[in-house]
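Architecture at a glance
This is what each chain is made of:
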Amino acid sequence: MPRAIRALAALGLLALTACSAGPGIGGGPRPAPSIQTAAGSVRCTGSDHGLDEVQFGWGFCYPGDWKYREKLQPSQAPKGVDTTFDIVVAPPTAQPDQGLFGYMIIGTYELDGSTGLDEWARRNLGPDVQLTPLQWGNARSAAVVEGPRRQRIALTAHHIVTMDIREGEGNLGLDAEMGKRLTTWRFDF
């Protein structure tokens, strides 16, 4: 093989290796998302999409025309993690609700010695908290925290999970839409 062709082949191989090896000189580790999500074990119907929050052991369905930005925030009281979702309606074609937005916080907290949902709620939400039982996926028990906001709270095998919804201007109907999908939730741990 002529020297010029070998040089071009070597240069092409070097470029291919550099592009596929990852960032940095000599490759190095590829960046990985800090939030591991998938839609594998959540089964949704119609045009709904699924979110499976692998590291926290829960997942649910949501309307397919919603787009969201997910962020994690550690919580010290109660001890755990708040997963926040900035949600906007972004249908493929113009719709009257296009651009409406909402905000949802899903907290995953330690039981911290509590033996049940009521005990945890009284310790962490106040001694006078009023709970109305509800069915929420495969949670061991669940309730709505009565008050100005419709916060939902669930006891799983090893955690307390809360869902706190805040509507944006124009009212996306986030609370009603998530309420319709409570049966799609699954709690793995």
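These figures come from a predicted structure and were not determined experimentally.

Glancing now at the pairing of strand β6 (residues 101-110). The element β6 is extensively covered by neighbouring structure, given that seven of its ten residues are classed as buried. Relative to β6, strand β5 (residues 79-89) is paired through nine bridges, and the arrangement is antiparallel. Across the sheet, Val 81 pairs through a bridge with Thr 108, a residue of β6. As paired elements, β6 and strand β10 (residues 159-167) share nine bridges and run antiparallel to each other. Across the sheet, Tyr 103 pairs through a bridge with Arg 166, a residue of β10.

Inspection of the sheet shows strand β4 (residues 66-76) paired to β5 by eleven bridges, in the antiparallel sense. Residue Arg 69 lies in a different strand from β5, and its bridge partner there is Asp 86. The turn joining β4 and β5, which pair antiparallel and follow one another in sequence, is formed by two residues.

As a further point, take the pattern of salt bridges. Tallying each qualifying case throughout the model produces nine salt bridges. The residue Asp 86 makes a salt bridge to Lys 71 at a minimum N-O spacing of 3.2 Å. Note that Asp 86 is positioned in strand β5 and Lys 71 in strand β4, a separation of 15 residues in sequence. Looking at Asp 86, the relative accessible area reads 28%, which means it is partly exposed. Judged by its relative accessible area of 39%, Lys 71 falls in the partly exposed class. In the salt-bridge network here, residues are joined through shared partners; they are Asp 48, Glu 177, Lys 180 and Arg 181.

We now examine the state of the cysteines. With the rule as written, the count across this model stands at one disulfide. What pairs with Cys 44 in a disulfide is Cys 61, and their sulfur atoms sit 2.0 Å apart. Handedness of the Cys 44-Cys 61 disulfide follows from its S-S torsion of about -95°: it is left-handed. You can see Cys 44 sitting in the loop between β1 (37-38) and β2 (49-53) and its partner Cys 61 sitting in strand β3 (residues 58-62), a full 17 residues away along the chain. For Cys 44, a relative accessible area of 25% corresponds to the partly exposed category.

Definitions and cut-offs
Residues numbered from 1 in each chain as written. Predicted model: local features only at pLDDT ≥ 70, side-chain atom pairs only at ≥ 80, totals over all residues. Heavy atoms only, no water. Buried < 20%, exposed > 50% of the residue type's maximum accessible area, 1.4 Å probe, protein only. Helix = DSSP H or I, 4+ residues; strand = E, 2+ residues; numbered from the N terminus. Pairing = 2+ DSSP bridges. Salt bridge = Lys/Arg side-chain N within 4 Å of Asp/Glu carboxyl O. Disulfide = S-S within 2.5 Å.

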